[in-house]
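# Commentary on secondary and tertiary structure
One letter stands for each residue in the lines below.
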Amino acid sequence: MMRSVFDRAMAFLCALAAGWGAFAGDADGKGDLLDRLVAHPPLAGVALSMDGHYVSAFVAHGEDQRLVVARVDSLVQDEIHPHGGPEAAVARTDLGLDREDVRWMAWVGGGRLLLAGKEYGLRVYDAHTASLSDLIDLEDPEGEALLPSLLTPLPDDPRHALLQWSDAEKPSYPAVYRLNVVTGAARKVTGAWQPVVRWWASPEGEVALGEAYVGREHRLYGRSSEPDGAVSGWRLLRKGDVFDDPAFVPLTVEAGGATVTMLSGHAGDTRTLWRVSARTGEPLLQLASHERYDIAAAISDPVSDLVVGATLDEDGPRDILWQEDIAALNERIAKALGVDRVRLVTASRDGMRWLVRVPAPDTWPAYYIFDRDGDRLLRLSQPAVYAKAGTRSVWIPLKSRRSARRGDLMHGLLSLPREGPTGRGVILIHGGPVSRVRLGYQPLVTWLTANGYAVLQPNFRGSSGFGDAWRRAGYGEWGGRMQKDIAVAARWMIAEGHVKSGLLCAMGGSYGGYAALMAVIRQERFFECAVSLNGVTSISGLIAYLETQRFHALSVPRIRGRLNPWKMAWRSPLHRAKDIERPVLLLHATQDANVPFAHSRQLADTLAKLKKPHEFIALQGAEHVLRKPSYRRTYYEAAVRFLDRHIGPARFGGRVNGRDGPTS
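This write-up is about the structure you can find in this document. Predicted, not measured: the structure shown is a model, and the values here were computed from it. In this convention, every chain numbers its residues from 1, walking through the sequence in written order. Reporting in this predicted model follows two pLDDT cut-offs: at least 70 for local features of residues, and 80 or more for side-chain atom pairs to be given and counted; totals over whole chains, interfaces and linings ignore these cut-offs and use all residues. Side-chain metrics in this entry use all non-hydrogen atoms of the structure; hydrogen atoms and water are not considered.

## Things to note about the pairing of strand β29 (residues 409-415)
- For every residue, the accessible area obtained with a 1.4 Å probe (protein chains only) is divided by the maximum for its type, and the residue is called buried under 20%, exposed over 50%, and partly exposed between those limits. For the purposes of this entry, the term helix denotes a DSSP run of H or I that reaches at least four residues, the term strand denotes a run of E that reaches at least two, and both are numbered from the N terminus. For β29, the buried fraction is high: 6 of the 7 residues fall into the buried class.
- Note: two strands are recorded as paired if DSSP finds a minimum of 2 bridges between them. Judged from the 7 bridges that link them, strand β28 (residues 391-397) and β29 form a sheet pairing that is antiparallel. Its bridge partner lying in β29, serine 393 is registered against leucine 413.
- Across 4 bridges, the pairing between β29 and strand β31 (residues 454-458) is antiparallel. Looking at the pairing, leucine 414 lines up with leucine 456 of β31.

Laid out in structure tokens, this is it:
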């Protein structure tokens, strides 16, 4: 059976385009490049029900993303009516919810989709009856309660799921509840236990681990048993300083509850995947490791609930599968689709249907369902490619021999205009800063390269994914070593001939916006301009804001380091506004909850008083992440217009190095 599906898959897939195009919202080929790049992906948040009969997804719908559920069996009609038409229409239900309405969703037993939202507690959608109903109201008018989160859908019990939310007796700490997903009745199975803020449970519903933060100390607690085996409470298994000690990050509790998979750096510099005893906290077996890159995640078999692989944070995510049958299935599906790799997202509990994601470098991922019983691959979406960024991985020598990782090399992603060099470019600085850039589709980079700009995205010191030493080298280094790495990136771009001196701009969002602004203050010899989206402009102002939040001890020390107030001011664009001589573009979301709108508003006011060259755009109603196409369009258009004016065609009469201006 397996052999036949892969022998005829490519021909069969061509016949499946019509019916699922309606579900996926594939582009119709109209509109300009910018319309396509700022649009929502055709599908997002795709999930397969535990019984394999239904698939849910957020479907692009103009400015919104609508939650839709479809019956997988309706795809069989595509084989009967390969050319579409009314007979081939996919049976689907629009739940009347936008993505902004849904905080998380998960399939539980009996074809039920559990939904947690911002305006309500929990809802449930019964796919068999196509009905959406309120399940439980957990609204907290004082804002002290912890919002519900799913611990396990209890796959062997279709009427229940295990969740955690605030204990009424200790609202700041969660209890664990067994929730009836039909009636909404909830029974407390584990009460709040200070200082635990996150519980971990096995697929069967055994609460096996508690996770806590006390100041900057991370703690893990396990069950404490009496000699007769009775559970008497919780005991400390591990503790460590979040910033100084090796991390122990829980990922999953495996079937049976005796073992936990964790990411840990205790055995070396990079984070590796371990199987750990849930009773003692002792590492039992190293499952996956890499000498250069961190392991990012564990891959669980949705049928056995055991960990069968790991995701490696290489240039881009790469799956390592050690269970032979799953690895073979992965390889065969990739071969049938004619691609290098696919990702098996999840499966029905009987293993007969698999949800497959196919990542692509120049467009959104495609989705398929592999149906073992029907011996077919069913397409959910196949986004089109409108432009290619030509991105590749590079290693950049650092000038300093004291760099913290890999001697003197810094990783980055280089994207070049498809039509050839123009001499102009952008250093695009990622946010976080404890984050990283990976190979994969980035519409903004595609837009910049389509308009003739070479783009370099450096994984500067402080970035994640390259081991603990590289990440910790950025602690307390806002405006310091991390900023020096931006200058190194600029120097490399010029030396390698990708840009010409005087035709380079710094650009970024959040921390990246901060670093872009500091680039025209401290490294103005390399940069002609800066673009900041939701950028931090005052380190002390950010710290004061973060200190109003509950877990500020997990973020503030990483920013402040050993900086005194004078040094924080010296490394803040707001306090160095008089030193800004290059033009800057500031954009900021008015509803930004990560970096308050006041950061850019105050800098813009100060620059105006000092008569410094600048532009300021307030993104009314937007949040830190630009979730709507209209916000992204404003950002993309304004950025390229600004770049063109200062390092592009508008500055040089419409042509740069013999090349025409931007495309549309």
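Now that the structure has been shown, the text picks up again.
## Quick notes on helix α9 (residues 511-522)
- Each helix should span, by expectation, one fewer than its residue count multiplied by 1.5 Å. Between the first and last C-alpha of α9 there are 16 Å, a value that for 12 residues agrees with the 16 Å anticipated at 1.5 Å per step.
- With 11 of 12 residues buried, α9 lies mostly within the body of the structure.
- Buried residues of α9: Tyr511, Gly512, Gly513, Tyr514, Ala515, Ala516, Leu517, Met518, Ala519, Val520 and Ile521, and no others.

## Considerations on the pattern of salt bridges
- Between Lys or Arg on one side and Asp or Glu on the other, a salt bridge is scored when a side-chain nitrogen of the former is within 4 Å of a carboxyl oxygen of the latter. A complete count under the given rule lists 36 salt bridges for this structure.
- In this structure, the salt-bridge partner of aspartate 64 is lysine 628, at a minimum N-O distance of 3.0 Å. Within this pair, whereas aspartate 64 is found in strand β3 (residues 64-71), its partner lysine 628 is found in the loop between β35 (614-619) and α14 (629-647), the two being separated by 564 residues in sequence.
- For the salt bridge of arginine 66 with aspartate 94, the shortest nitrogen-to-oxygen distance reads 3.3 Å. You can see arginine 66 sitting in strand β3 and its partner aspartate 94 sitting in strand β4 (residues 92-98), a full 28 residues away along the chain.

## Brief notes about the side chain of arginine 632
- One can find arginine 632 in helix α14.
- Neither His nor the chain termini are counted; the positive set is Lys and Arg, and the negative set is Asp and Glu. Glutamate 63 provides the closest opposite charge to the buried, salt-bridge-free arginine 632, at an N-O distance of 7.0 Å.
- From its side chain, arginine 632 meets the backbone oxygen of arginine 627 in a polar contact 3.2 Å long.
- The contact definition used throughout considers only heavy atoms, calling two residues in contact when any of these lie within 4.5 Å. Beyond its immediate sequence surroundings of up to four residues, arginine 632 is in contact with Val38, Ala39, His40, Leu626 and Arg627. Within 3.5 Å is the distance limit for a polar contact, defined as a pair of N or O atoms, with the added protein rule that one can donate a hydrogen and the other accept it, and that residues adjacent in sequence qualify only through two side-chain atoms.

## A word on the environment of alanine 387
- Mapped onto the secondary structure, alanine 387 falls in the loop between β27 (376-381) and β28.
- When its relative accessible area of 14% is taken as the criterion, alanine 387 is described as buried.
- Measuring from C-alpha to C-alpha, the distance between alanine 387 and alanine 450 comes to 7.2 Å, with 63 residues separating the pair along the chain.
- Setting aside residues up to four positions removed in sequence, alanine 387 forms contacts with Leu33, Asp362 and Thr446.

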